[in-house]
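A closer look at the structure
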Amino acid sequence: MARASISSTSSRFRASSAAVVPGSAKMAAIGRLSQKLLKSAALTQTRQLSAAAAHGEQAAKTWKILSFVVALPGVAVCMLNMYLRSQQHQHEQPEFIPYSHLRIRSKRFPWGDGSKTLFHNPHVNALPDGYEQHDH
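As annotated in an unreviewed UniProt entry, the protein carries the name Cytochrome c oxidase subunit and is attributed to Cyprinus carpio. Quoted verbatim from the Pathway (unreviewed entry) field of UniProt, the annotation for the protein is "Energy metabolism; oxidative phosphorylation."

Here it is, written out as structure tokens:
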């Protein structure tokens, strides 16, 4: 009885391993097919890229011309516009309103006189008690 179960187990193992071989052969065939397809796709892409190299040179020339003819003059016009606007603008300080939630100083700054921030601009930044007085 024990011998019969061993032989039936070994025959099941042989049958299952025989079933795996055709499946692995199919997988190997699929692997070979996919490698061939990838190689042909890569070859086609290489051919397309080499054909597009001449087009790339023309595109580079086009963008170089556009940069010098359109972009640089556009930047120059924008700079001129901002310069002219800054010349027309009156540089007056807005009225100081001492809001309680702004410019809170719980301790002094460790530089200068202790009331000005590190990047203090007297024309723009107000102190807790108002703007600094300057004669212009």
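What follows concerns the overall build of the protein. Of regular secondary structure, the protein possesses one helix and zero strands. Across the 136 residues in the protein, those meeting the buried criterion constitute 5%. In the protein, once contacts between residues fewer than 6 apart in sequence are set aside, the share between residues at least 24 apart is 34%. Put simply, the protein shows about 12,300 Å² of open surface, and 64% of that area lies on carbon and sulfur atoms.

Turning our eyes to something else, we now look at the packing of aromatic side chains. Here the structure, examined in full by the defined rule, presents two aromatic pairs. On the numbers, 6.0 Å between centres and 75 degrees between planes, the contact of Phe96 with Tyr131 is edge-to-face. Remark: Tyr131 occurs in the segment after helix 1 (2-88) and Phe96 occurs in the segment after helix 1; sequence separation between them is 35 residues. For Tyr131, a relative accessible area of 18% puts it in the buried group. Judged by centre distance (5.3 Å) and plane angle (15 degrees), the ring pair of Phe109 and Trp111 falls under stacked. Given the relative accessible area of 33%, Trp111 is considered partly exposed.

With that out of the way, let us pick up a nonpolar patch on the surface. Together, Trp63, Ile65, Leu66, Phe68, Val69, Val70 and Leu72 give the surface a local cluster of nonpolar side chains, amounting to about 760 Å² of exposed area. What makes Ile65 exposed here is its relative accessible area of 54%.

Here His120 lies in the segment after helix 1. For His120, the contacting residues outside a window of four places in its chain are Asn125, Leu127 and Glu132.

As a further point, take the pattern of salt bridges. Note that side chains of opposite charge can pair when their charged atoms are close. Scanning the entire structure with this criterion turns up one salt bridge. Lys116 serves as the salt-bridge partner of Glu132, at 3.5 Å between the closest nitrogen and oxygen. You can see Glu132 sitting in the segment after helix 1 and its partner Lys116 sitting in the segment after helix 1, a full 16 residues away along the chain.

Time to look at the side chain of Glu132. Residue classification places Glu132 among the buried residues on the basis of a relative accessible area of 18%. Only 3.5 Å separates the side chain of Glu132 from the side chain of Lys116, close enough to count as a polar contact. Of the polar contacts made by the side chain of Glu132, one reaches the side chain of His120; its length is 2.5 Å. Excluding anything up to four places from it in sequence, Glu132 contacts Lys116, His120, Pro122 and Leu127.

Right, let's get into the confidence of the model for the protein. Across the protein, the average pLDDT comes to 76, with 72% of residues at 70 or higher. Note on residues 15-20: pLDDT is under 50 here. Beyond four places in sequence and across chains, it has zero contacts.

Each value, and the rule that gives it
- Residues numbered from 1 in each chain as written.
- Predicted model: local features only at pLDDT ≥ 70, side-chain atom pairs only at ≥ 80, totals over all residues.
- Heavy atoms only, no water.
- UniProt positions renumbered as here; feature names shortened; annotations may be inferred.
- Helix = DSSP H or I, 4+ residues; strand = E, 2+ residues; numbered from the N terminus.
- Buried < 20%, exposed > 50% of the residue type's maximum accessible area, 1.4 Å probe, protein only.
- Contact = heavy atoms within 4.5 Å.
- Areas by Shrake-Rupley, 256 points an atom, 1.4 Å probe, with all protein chains shown as cover.
- Phe/Tyr/Trp six-rings, centres within 6.5 Å; stacked < 30°, edge-to-face > 60°.
- Patch = residues over 30% accessible without salt bridge, like charges linked within 9 Å, V, L, I, M, F, W, Y side chains within 5 Å.
- Salt bridge = Lys/Arg side-chain N within 4 Å of Asp/Glu carboxyl O.
- Polar contact = N/O pair within 3.5 Å; in protein donor to acceptor, adjacent residues only side chain to side chain.
- pLDDT = per-residue confidence, 0-100.

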